Amino acid sequence: MDFASVYSQFFPFWGKISDEDKELLCKSSSLRHFEKEQPVHSNASCSGVFIVKSGRLRVYILSEEGKEITLYRLSRGETCMLSASCVLQSITFDVYIDAEEDCDCYMISIPAFASVSEKYLEVQNYGLEIAVSRFSDVMWILQQIVFMSMDRRLAIFLLDEIAQNGEDTVTMTHEQIARHLGTAREVVTRTLRHLASDGVLEVARKGITIKDKKKLRGIAY
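Residues numbered from 1 in each chain as written. Predicted model: local features only at pLDDT ≥ 70, side-chain atom pairs only at ≥ 80, totals over all residues. Heavy atoms only, no water.

**A short note on the sheet that holds strand 2 (residues 39–41)**
If you walk across this open sheet you meet the four strands as 2-7-4-5, and the pairing is antiparallel. The open sheet has two edge strands, strand 2 and strand 5 (68–74), and neither has a second partner. Averaged over all pairs of adjacent strands, the angle between strand axes in this sheet comes to 35 degrees, irrespective of strand direction. Strand direction decides the pairing type here: strand 4 (residues 57–62) and strand 5, joined by six bridges, are antiparallel. Counterpart to Leu62 in the pairing with strand 5 is Glu68. Sitting on the sheet, helix 6 (residues 174–181) touches strand 4 and strand 5, and the angle it makes with strand 5 is about 85 degrees. (Pairing = 2+ DSSP bridges. Helix = DSSP H or I, 4+ residues; strand = E, 2+ residues; numbered from the N terminus. Axes fitted to C-alpha atoms, helices over the stretch in contact; angles between N-to-C directions. Contact = heavy atoms within 4.5 Å.)

Following this line, the structure appears as structure tokens:
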């Protein structure tokens, strides 16, 4: 596996580190495959630095009562630094990462990445920039929870889904959507019924089909 050519595309610091350190990162890398819904990282481990080659990862937090809420998702070409929280000392909260669909990821081991990070300010800055960029995603989720009604939150979620998938149908169960939004399945079902009665969408066994995108955007924004 030619990890060097992969990392030269994704890491802006790649041209600024020594050949010896490039070799260390490449020798400490592997291509990992994760099945859909397979755990990738938990707060009990420091898994490594991930770059998504294909598929999608879901990053979420878990309450003491077991309620989940999605912070953000990572798609092809995106880097996950929260799985290397032992390198980024400023990260003090617990996160979980699952494969939302079958995924292939490039993974760099923690000892190797930590060793290179300690030697180069550019590598440290890269890790912090990735973490800070995700902070805005977390703040957006917090804003939704605190200030937005459920129908608006659900409308935003559905619009994001159809934009990601390129289809007008969201093939998720009400339980799956509830986990993303950090609410109860019954709340999602009730809100979907309300939107369906307004002609915005249709709920069927095959999924949730958006019938009126303009009206759905009006609810969301």
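**Section: the packing of helix 5 (residues 150–165) against helix 7 (residues 185–197)**
Taken N-terminus to C-terminus, the directions of helix 5 and helix 7 make an angle of 80 degrees; their axes are 10 Å apart at the nearest point. Classified by the angle their axes make, helix 5 and helix 7 are roughly perpendicular. Between helix 5 and helix 7, the contacting residues are Met150, Asp151, Leu154 and Leu158 on the first element and Val187, Val188, Thr191, Leu192 and Leu195 on the second. Class assignment of the residues belonging to the contact of helix 5 with helix 7 gives a composition of seven nonpolar, one polar and one charged. (Parallel < 35°, antiparallel > 145°, perpendicular 65-115°, else oblique. Nonpolar A, V, L, I, M, F, W, Y, C, P; charged D, E, K, R; others polar.)

**Brief notes about the side chain of Glu100**
One can find Glu100 in the loop between strand 7 (96–99) and strand 8 (103–108). Here Arg73 takes part through its side chain, which lies 3.1 Å from a polar atom of the side chain of Glu100. Within polar-contact distance, the side chain of Glu100 engages the side chain of His180 at 3.1 Å. When neighbours within four sequence positions are excluded, Glu100 is seen to be in contact with Lys36, Arg56, Leu57, Arg58, Arg73, Met172 and His180. (Polar contact = N/O pair within 3.5 Å; in protein donor to acceptor, adjacent residues only side chain to side chain.)

**Structural notes on the pairing of strand 4**
The turn linking strand 4 back onto strand 5 is made up of five residues, and Gly66 within it adopts a positive phi angle of 90 degrees. Bridge count between strand 4 and strand 7: four bridges; the pairing is antiparallel. Across the sheet, residue Val59 finds its bridge partner in strand 7, namely Ile97.

**Considering the confidence of the model for the protein chain**
Model confidence for the protein chain is summarised by a mean pLDDT of 90, while 93% of its residues fall at 70 or above. Across the protein chain, the element-wise mean pLDDT spans from 88 in strand 2 up to 97 in helix 2 (residues 19–27). (pLDDT = per-residue confidence, 0-100.)

**So, the environment of Gly207**
With respect to the element layout, Gly207 can be found in strand 11 (residues 207–210). Judged by relative accessible area, Gly207 falls into the buried class, the value being 5%. In this structure, Gly207 is in contact with Thr169, Val170, Thr171 and Glu202, ignoring residues within four places of it in sequence. (Buried < 20%, exposed > 50% of the residue type's maximum accessible area, 1.4 Å probe, protein only.)

**A word on the packing of helix 2 against helix 3 (residues 110–119)**
One can describe the packing of helix 2 onto helix 3 by two numbers: an axis separation of 9 Å at closest approach and a directional angle of 155 degrees. It follows from the interaxial angle that helix 2 and helix 3 lie roughly antiparallel. Here the hand of the crossing between helix 2 and helix 3 comes out left-handed. Every residue of helix 3 that contacts helix 2 at Asp21, Leu24 and Leu25 is listed here: Ala112, Phe113, Ser115, Val116 and Lys119. (Left-handed = near helix turned anticlockwise from the far one by under 90°.)

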